[in-house]
Amino acid sequence: MEGGDHEEKQFRTEYAGVAPDKAVNFKDVVREFMRGLLEMTVEFGRGCRDVVKQSLVTEDSFLVRNFGKDSYIGRKIKVPYNNVLRRLKLFNEYLVPEDKDTLHAWSVILFVFVLALAVLSVSLEHDTDIPVPKKVSIHPPCADRIMLLDGRYMAYREQGVPADRARFSMIIPHSFLSSRFAGIPGLKASLLEEFGVRLLTYDLPGFGESDPHPKRNLESSTSDMLFLANALGVSDKFWVVGYSTGSLHAWAALKYIPDRLAGAAMFAPMVNPYDSLMNRGEKYVTWEKWSRKRKFMYFLARRFPKSLSYFYQRSFLSGKHGQIDQWLAFTLGRRDRALIEDPIYEEFWQRDVEESIRQGNAKPFVEEAVLLVSNWGFSLADLKLQKKQQGKGILNLIKSLLSGSEEEYTGFLGPIHIWQGMDDKVVPPSMTDFVHRVLSGAAVHKLPYEGHFTYFYFCEECHRQIFTTLFGTPQGPLNNIIAVEQTSFDDIEVQEEVTQGDFKADLDIKFL
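As a starting point, this report considers the structure included with it. (Residues numbered from 1 in each chain as written. Predicted model: local features only at pLDDT ≥ 70, side-chain atom pairs only at ≥ 80, totals over all residues. Heavy atoms only, no water.)

1. Observations regarding the overall build of the protein chain
Link 1 in the chain: A tally of regular secondary structure across the protein chain gives 20 helices and 10 strands.
Link 2 in the chain: For the protein chain, with 512 residues in total, the buried portion stands at 39%.
Link 3 in the chain: Partitioning the contacts of the protein chain with sequence separation of at least 6, the portion at a separation of at least 24 is 76%.
Link 4 in the chain: Looking at the protein chain as shown, the accessible area adds up to about 31300 Å², and 58% of this sits on carbon and sulfur atoms. (Helix = DSSP H or I, 4+ residues; strand = E, 2+ residues; numbered from the N terminus. Buried < 20%, exposed > 50% of the residue type's maximum accessible area, 1.4 Å probe, protein only. Contact = heavy atoms within 4.5 Å. Areas by Shrake-Rupley, 256 points an atom, 1.4 Å probe, with all protein chains shown as cover.)

2. Quick notes on the packing of helix α11 (residues 292-303) against helix α16 (residues 363-373)
Link 1 in the chain: The geometry of α11 relative to α16 is characterised by a closest axis approach of 9 Å and an angle of 90° between their N-to-C directions. One way to sum up the angle between α11 and α16 is to call them roughly perpendicular. Contacts between α11 and α16 pair Tyr298, Ala301 and Arg302 from the former with Ala369, Val370, Leu372 and Val373 from the latter. (Axes fitted to C-alpha atoms, helices over the stretch in contact; angles between N-to-C directions. Parallel < 35°, antiparallel > 145°, perpendicular 65-115°, else oblique.)

3. A few points about the pairing of strand β4 (residues 197-202)
Working note: regular strand, side chains alternate between the two faces of the sheet.
Link 1 in the chain: With respect to burial, β4 is a largely interior element, six of its six residues being buried.
Link 2 in the chain: Strand direction decides the pairing type here: strand β2 (residues 153-160) and β4, joined by five bridges, are antiparallel. Bridging from a neighbouring strand, Tyr156 pairs with Tyr202 of β4. (Pairing = 2+ DSSP bridges.)

4. A short note on the nonpolar core
Link 1 in the chain: Counting 105 residues, the largest nonpolar core has Leu177, Trp251, Tyr312, Phe316 and Phe467 as the members making the most contacts within it.
Link 2 in the chain: Residues in contact with Phe467, not counting those within four places in the same chain, are Met170, Ile184, Leu187, Leu191, Leu192, Phe195, Val197 and Gly472. (Core = buried A, V, L, I, M, F, W, Y, C linked by side-chain atoms within 4.5 Å.)

5. What to know about a nonpolar patch on the surface
Link 1 in the chain: Taken together, the side chains of Phe296, Phe299, Phe304, Tyr310 and Phe311 present a nonpolar region at the surface, about 500 Å² in accessible area.
Link 2 in the chain: When residues of the nonpolar patch are traced back to their parent elements, those giving at least two are α11 and α12 (308-313). (Patch = residues over 30% accessible without salt bridge, like charges linked within 9 Å, V, L, I, M, F, W, Y side chains within 5 Å. Salt bridge = Lys/Arg side-chain N within 4 Å of Asp/Glu carboxyl O.)

Pasting the structure below:
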């Protein structure tokens, strides 16, 4: 064995290009370096001790008079102090045998430990590439805008087929810290063409290039949505799409303009976490999924909303980019984490945030946070399809019998589809379970292994499934233009026939 070890050592040194008798072991180099470092450290510690003794540890110094052995404090801690020193002496005999001063020895050891940590941290900083936060860029204005009845301007974005060829229309209010650029991220224009869909998105008041609203609420938000639809020629009923916190504007549309809606498509829909309809178990399961910081932000939004500006100015309004989970205190699953680290998502996210915070004002974000946790002015139970209650009394009974009219219903009559990722930690599945308990007629599509972003963002297959569920088999856009052209040609042929008939009649009269 000894011969084999010698041969192996000789082979290693020869392979390294060094003669066997002159090769130096790396461990020996490290050992000598550490020995020298310790000796220098001990000498440095002794020098510091001498300086401290000469300057502070004298009989007349402040420390000795107030903390010495004969002082009041010194007499109180004398017993535990002696016990600690006696125990440390056992280790001191092995660590620093040439110096029997226990206090000095352990002060040197502590200093070496701190020095080693400092050197290690400096080396790690040099070895690790720490990315520099990217600065936020504010782009030149580029949005199409309409003027509302109160003089405010609303910025919007239009995708898909033109208005006169649209088979279906969709309007999407964006979520928190987003803009009109969001819509359905990664949605292909070819898919919109295939299904004949016109997609409209817009900036909420104070976001992007939309003017702020002085006293906005969910009812005024719905009024803005309705005005946009009418101004852009959406004559038929349209679908409203709500994603995450943008769902609160979609819920409001179901309440205030149900006659203008063809249906609702909700994705991880957020509701008021303080909703009185939620029972204790539903609240517990929902709140336990959130981080302490997020719970604290909801508390501030409900009780001290003005304080939110402080946190927003130091996160997404700081002028530097960051990650959504850090800014909004989100807890993300494995697949969501992988998505937000993708360069495609990062590019989209940064541009969307830059547009969202264009105006640099924290007020619209505070307003949005307060809207979520405050009284909405209606309940989800108001959206439930139910028979309209008749007035009490004999007169109302006789009136209903004489009129012979059919029973009237209240609530939203159209379809409501909800897609919920089962690994969503931003809007937990328990929140959708609560919505389904209140709105039992809603169709819930549970998505195993999907998170908050993965099904809605940059998933072409998912987008096709969504459109197929909402619109059925794709039929393409309407052919109104072709029909108009055919009609015009038919009119020309009829006019030519009439003209020829009149010309023949004139000839017959002349011959007669």
